[in-house]
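So the chains spell out like this:
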Amino acid sequence: MTVTTVPAVEAAGIHKRFGSTYALRGVDLSLLPGHCLGLVGRNGAGKSTLVSILSGILPADAGQVRFDGEPAPANTAARRTRIATVFQHSMVVPGLTVAENVFLGSQPGPGALVDWRRMRARTTAVMAEWGFDIDAGAPCGSLTVEQRQIVEIVRALAAGTRCLLLDEPTAALERGAVQRLFERIRQLRESGVAILYISHHLEEVFEICTEAAVLRDGELVLSAPLAGLAKDDLVAAMVGQTHHPERAVATPQRTPAAAGVAGAVAGDGAGARAGAVAGAGAAGSHAAMLTLTGITLDSPGTSLRGVSLTVRPGERVGVTGLRGSGMTMLARIVAGVVAPDAGSVRLGDRVLRPGDRASALRAGVGYIPEDRQADGFVPQLGVAENITMAIVDRLARFGFVSPRRREATAAPLAVRLSLVSAGLGQPVRELSGGNQQKVTVARALARDPRLIVAITPTRGVDVASKELLLGELDQATSAAGASLLLATDELDDLAICDRVVVLVRGEIFTEFTKPPFDRELLIAATEGLTDSPGEAS
Amino acid sequence: MSEPQGRGATGVLGRAGGEGSMQQWLRTRAGTRAGNAALSWIREAALLPVLVVILVVGAILNSHFLTISNFTGIGQQASALGVVVVGESLILLIGGMDLSVESTYGLAPMLAAWLIVPVAAFGSGTMLNPYLGILLLLAVGAAVGLVNGVLIVKGRLNGFIVTLGMTILLAGIQNGIVKGQAPFNWPTAFGYLGSANIGVVPVSLIVAAVIFLVTGLFLRYHRLGRAIYAVGGNLAAARAAGIKVDRVRIGVYVAGSVLAAIGGLMEAGRVSSVVPTQGYGEGIIFSVFAAAVIGGVSLRGGRGNMVGAASGVILLGLVQNLLDLENAPNYWIDAIDGGVILFALILARVIGGEAAAE
């Protein structure tokens, strides 16, 4: 049993500075074989830097990384046999086959030639040995996100690596795939692989990790076995002294706590809101803000089959479901990004032109897209310009917009969302992920929308910013009497909703009308398991 | 605990996935397996029907079209372009772009010829040995590629602008050293590649075919060849996999320019002199890009192969030949050329489906 006492990976006194800012200050970390260490911290706490240093992409200013007690090899190829990183962004070459991606840069063959048959056979063998099953000859471009991730894991295993670094591996996976991934991680761990797991989702850490380490402002503030830790301890360590952990996060496993999120987020507005909704209800359903009738769409991956739904003024409706359930597609149709095959979208008493985002925007539909990198902002442009992008027509005089006017309009929104930037002219590309998302949200709020359509607005955002964003969405809707359509598979986010609609395979499966929503029932419903909409009475 | 690698045969996935997800999994797998083979075959053969149509149309239009002498002529004409297309395709595969191959195609043979031929034939009078001249020609190609590669990869300058500047610079030198004259009358050794025949087959055609074949095999079966695809397909992934990304990229720029110089030597041999407009003045870069892209080489990198590039070259060669045979009105030849290129692109996209989409 001597093997287990030597850490598979060990970092000692790692320092790293970028210009004048410290990214890491004397971080010590060690991970034994067969263990899974959850590394958590807010955006900008230094997680990514530590990942880069461990995987050899960045050199440390000071300190040492050791694998199995030996100093880390300097060259990338040798380092790769000691530790393998599965990055947030896919490190798979889409044009190449699975086998080639598994042996990328180290193809088997005589000399420098590539022996395709042997490469495929070895890939198949490694896949079989670890219980994976993906065709070695398939081009990676045709694989699902889940399968690509497996290719990356197999790549590591094929190189003999017994230390895996998983950087937000669940960010792009649907729930079923997440469960399968967890099962795989457990299996790998049991067979002696050491795993460093990085995630924003604390419940994931609690589910599969054996210990946790918390980074804050470049320092390791907590490192302990998970057995003796509660979620609040981790949150407290993450956010430090300036925060009230008891208000920050609810334990999502239990219903009362989920209500706690709503309480924390909506603050004292919960009562007022209930009143507003009741009032809207009394006004009658003919005064609906949004009316969807028979939305039907047949597309590869998702289809919608006759979805009808109404949202009253001021009402917050959550839409949830598995990936492929049509949840995000429905939201995109409402936002006017996608045209349905059949069915209509009515805002007030006006029918929106299908698939016409510009007219939806003018009609008052604010939109927070799912993929903020692709649709959320223009990375080279400044914060203010991005925020005011949807309202230039209002700001412009004879087509010209003065930067001062732009910044004056954007400033209050930036303040409201506690957007941290070096100035309103700073390119959004330079901001952290959480702040980029705030820009996207600010853009949606800028036009005083009557309806906000948001798709997974808190993905990849740290706990504190998540709370803030949800609170802002909540406030924007209640203050302006706007409605909210929130499509998300992050169940915690649904706490701000008055009503939750669950989609299963393109149809409305059930509806939860009374907050707080029970997490277990929600999960069961998304899987299409319960036929009785339990507490939805 | 001594054997951490050892694992039972039980599948991680098998345990984790429910019945439904397992079925879904199998279905996607079956789908990709069948689709996979069909897809790559279609992609590589996308231009074949077009080539067949041109052959049929050509045979109907002109009785001289389907003759051996005509085809060896096409082969000789197209091989210079083909060799440059191989070079440019390599550069496109790594996600790069090189406009200056057209000037290298002109300058390298011009410099060599100028040093080889006597003053009376517009040379410098140095009377350089023709074999040394060919070595010099290759060195010029390598040097241009190295400068381009270092500026783009190490200096992180924009490839488009770097090679645009380089194009004009080289074309200016090409014109400047001979003051607008065209050196000719060189020893046979220098013109051999572009003008000699083995039997009825032009040497240039054989050499070009060998270059296509060797490059194709290299891309498929050599580690460096695969690294080229990895670099062009996902630079970060290639770097993380320990591929020496910068070296590969610079190397490809060098190889591309050397091939352009060889293409220039073929063209010089074919016409028995180096005209100051060879390359840049003729604007061959458009044909080079057209052949590569029609042949399915992606301008975004990481996608394409030599079968496609070769069929692109053959297509352009056949069309050019047909226009010549039919005495297409001179003033309209460019318009027809451009139309054919657009048509071929659209057709390749329609036949190749999503695989041919940019």
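Because the structure is a prediction, the values reported are computed rather than measured. (Residues numbered from 1 in each chain as written. Chains lettered and ligands numbered in written order. Predicted model: local features only at pLDDT ≥ 70, side-chain atom pairs only at ≥ 80, totals over all residues.)

**Some details on the overall build of chain B**
Here is step 1 of the chain: Helices and strands together make up the secondary structure of chain B, namely 15 helices and 2 strands.
Here is step 2 of the chain: Across the 358 residues in chain B, those meeting the buried criterion constitute 48%.
Here is step 3 of the chain: The contacts in chain B between residues at least 6 apart in sequence include a share of 79% that link residues at least 24 apart. (Helix = DSSP H or I, 4+ residues; strand = E, 2+ residues; numbered from the N terminus. Buried ≥ 20, exposed ≤ 12 C-beta atoms within 10 Å, placed from the backbone. Contact = placed C-beta atoms within 7 Å.)

**Let's talk about helix α8 (residues 231-239) of chain A**
In an α-helix there are 3.6 residues to a turn, and that puts residues three or four apart on one side.
Here is step 1 of the chain: Within the span of α8(A), buried status applies to A:Leu234, A:Val235, A:Ala237, A:Met238 and A:Val239.
Here is step 2 of the chain: Phi turns positive, to about 75°, at A:Gly240, one or two residues after α8(A).

**Examining the packing of helix α4 (residues 68-93) of chain B against helix α9 (residues 203-221) of chain B**
All names here are of chain B.
Here is step 1 of the chain: Running from N to C, α4 and α9 cross one another at 30°; their axes reach a closest spacing of 8 Å. By the angle class used here, α4 and α9 are roughly parallel. Between α4 and α9 lies a crossing of left-handed hand. Within the contact between the two elements, α4 uses Gly75, Gln76, Ser79, Ala80, Gly82, Val83 and Val86 and α9 uses Ser204, Leu205, Ala208, Ile211, Phe212 and Thr215.
Here is step 2 of the chain: Residues that form the contact of α4 with α9 fall into these classes: 7 nonpolar, 6 polar and no charged. (Axes fitted to C-alpha atoms, helices over the stretch in contact; angles between N-to-C directions. Parallel < 35°, antiparallel > 145°, perpendicular 65-115°, else oblique. Left-handed = near helix turned anticlockwise from the far one by under 90°. Nonpolar A, V, L, I, M, F, W, Y, C, P; charged D, E, K, R; others polar.)

**Concerning the sheet that holds strand β4 (residues 62-67) of chain A**
Residues and elements named next belong to chain A.
Here is step 1 of the chain: Strand order in this open sheet of 4 strands is β2-β1-β4-β5, and the pairing throughout is antiparallel. Single-partner strands in this sheet number two, and they are β2 (21-31) and β5 (70-71).
Here is step 2 of the chain: As defined by bridge partners, β4 adjoins β5 across 2 bridges and the pair is classed as antiparallel. Across the sheet, the residue bridging to phenylalanine 67 is glutamate 70, located in β5. (Pairing = 2+ DSSP bridges.)

**Digging into unusual backbone geometry**
Here is step 1 of the chain: The phi dihedral of A:Asp217 is positive, around 45°, even though this residue is not glycine.
Here is step 2 of the chain: Within the secondary structure, A:Asp217 is located in the loop between β9 (211-216) and β10 (219-225).
Here is step 3 of the chain: Phi angles above zero are rare outside glycine, and B:Phe122 is one such case at about 65°.
Here is step 4 of the chain: Locating B:Phe122 in the fold gives a position in the loop between α5 (101-116) and α6 (130-154).

**Brief notes about the sheet that holds strand β7 (residues 163-167) of chain A**
Residue and element names in this part refer to chain A.
Here is step 1 of the chain: The mixed open sheet is built from 6 strands, whose spatial order is β6-β7-β8-β3-β9-β10. Lying at the two open borders of the sheet, with one neighbouring strand each, are β6 (84-86) and β10. Strand-to-strand twist in this sheet, taken as the mean axis angle between neighbours without regard to direction, amounts to 20°.
Here is step 2 of the chain: Looking at chain direction, β7 and strand β8 (residues 194-198) are connected through 5 bridges and run parallel. Within β8, the position partnered with cysteine 163 by the bridge is alanine 194.
Here is step 3 of the chain: Contacts from helix α1 (residues 47-54) reach β3 (36-40), β6, β7, β8 and β9, with the element oriented near 150° to β7.

**Comments concerning α6(B)**
Here is step 1 of the chain: Between its first and last C-alpha, α6(B) extends 35 Å over 25 residues, near the 36 Å set by a 1.5 Å rise per residue.
Here is step 2 of the chain: Among the residues trailing α6(B), B:Arg156 stands out with phi positive, at a value near 50°. (Expected span 1.5 Å × (residues − 1).)

**Here we look at the pairing of strand β19 (residues 499-504) of chain A**
All names here are of chain A.
Here is step 1 of the chain: Among the 6 residues of β19, 5 are classified as buried, and the element is accordingly described as predominantly covered.
Here is step 2 of the chain: Across 5 bridges, the pairing between strand β13 (residues 316-321) and β19 is parallel. The residue bridging valine 319 from the neighbouring strand is valine 501, located in β19.
Here is step 3 of the chain: Pairing geometry for β19 and strand β20 (residues 507-512), over 5 bridges, is antiparallel. If you follow valine 501 over to β20, its bridge partner there is glutamate 511.

**Description of the domain arrangement of chain A**
Residue and element names in this part refer to chain A.
Here is step 1 of the chain: The domain boundaries assigned to chain A delineate domain 1 (3-92 + 143-248) and domain 2 (267-380 + 404-415 + 428-526).
Here is step 2 of the chain: Distance between the C-alpha centres of domain 1 and domain 2: 33 Å.
Here is step 3 of the chain: Taken together, the contact between domain 1 and domain 2 spans 13 residues of the former and 14 residues of the latter.
Here is step 4 of the chain: For the side of domain 1 that touches domain 2, the elements supplying multiple residues, two or more each, are α6 (175-190) and α8.
Here is step 5 of the chain: The dominant element in the side of domain 1 that touches domain 2, judged by the number of residues it contributes, is α8, at 3 residues.
Here is step 6 of the chain: Looking at the side of domain 1 that touches domain 2 residue by residue, the classes come out as 5 nonpolar, 5 polar and 3 charged. (Domains from an automatic or database assignment.)

**Regarding the environment of A:Asn435**
All names here are of chain A.
Here is step 1 of the chain: When you line up the elements, asparagine 435 lands in helix α18 (residues 433-445).
Here is step 2 of the chain: Remark: the alpha-carbon pair of asparagine 435 and valine 420, spanning 15 residues in sequence, is separated by 6.5 Å.
Here is step 3 of the chain: The contacts of asparagine 435, once residues within four sequence positions are left out, are Leu419, Val420 and Ser421.

**Section: the nonpolar core**
Here is step 1 of the chain: Formed by 181 residues in total, the largest nonpolar core has its most connected members in A:Leu164, A:Tyr197 and B:Ala230.
Here is step 2 of the chain: When residues in this core are grouped by element, the largest group, 14 residues, is from helix α12 (residues 245-271) of chain B.
Here is step 3 of the chain: Not counting residues up to four positions away in its chain, the partners in contact with A:Tyr197 are A:Cys36, A:Leu37, A:Gly38, A:Leu39, A:Leu166, A:Val205, A:Ile208 and A:Cys209.
Here is step 4 of the chain: Core analysis: the next-biggest nonpolar cluster, separate from the first, contains 76 residues, A:Val319, A:Ala390, A:Ile455 and A:Leu521 among them. (Core = buried A, V, L, I, M, F, W, Y, C linked by C-beta atoms within 7 Å.)

**Quick look at the packing of helix α8 (residues 188-195) of chain B against α9(B)**
Residues and elements named next belong to chain B.
Here is step 1 of the chain: Where α8 contacts α9, the two axes come as close as 6 Å, and the packing angle between them is 70°. With respect to each other, α8 and α9 are oriented roughly perpendicular. Residue-level contacts link Tyr192, Leu193 and Gly194 of α8 to Val203, Ser204 and Val207 of α9.

**Brief notes about the environment of B:Gly264**
Residues and elements named next belong to chain B.
Here is step 1 of the chain: Note that glycine 264 resides in helix α12.
Here is step 2 of the chain: Given 34 C-beta atoms within 10 Å, glycine 264 falls into the buried group.
Here is step 3 of the chain: A C-alpha to C-alpha distance of 8.6 Å links glycine 264 and leucine 81, two positions 183 residues apart in sequence.
Here is step 4 of the chain: Aside from chain neighbours lying at most four places away, what touches glycine 264 is Thr104, Tyr105, Gly106, Ala108, Pro109, Gln278 and Gly279.

**As for the confidence of the model for chain B**
Here is step 1 of the chain: In the predicted model, chain B carries a mean pLDDT of 86, and 85% of its residues have values of at least 70.
Here is step 2 of the chain: A low-confidence stretch, residues 1-38 of chain B (pLDDT under 50), is modelled with 46 contacts involving residues beyond four sequence positions or located in other chains. (pLDDT = per-residue confidence, 0-100.)

**Considerations on the environment of A:Arg397**
Residue and element names in this part refer to chain A.
Here is step 1 of the chain: For arginine 397, the position within the fold is in the loop between α16 (392-395) and α17 (403-416).
Here is step 2 of the chain: The exposure class of arginine 397 is exposed, given the 8 C-beta atoms found within 10 Å.
Here is step 3 of the chain: Taking the C-alpha atoms as reference points, arginine 397 and glycine 19, separated by 378 residues in sequence, lie 41 Å from one another.

**Concerning the confidence of the model for chain A**
All names here are of chain A.
Here is step 1 of the chain: For chain A, mean pLDDT is 80; residues scoring 70 or higher make up 87% of the total.
Here is step 2 of the chain: Within chain A, helix α3 (residues 98-102) carries the highest mean pLDDT (93), whereas helix α9 (residues 245-248) carries the lowest (36).
Here is step 3 of the chain: Counting interchain partners and residues more than four positions distant, the pLDDT-below-50 stretch residues 532-537 has 13 contacts.

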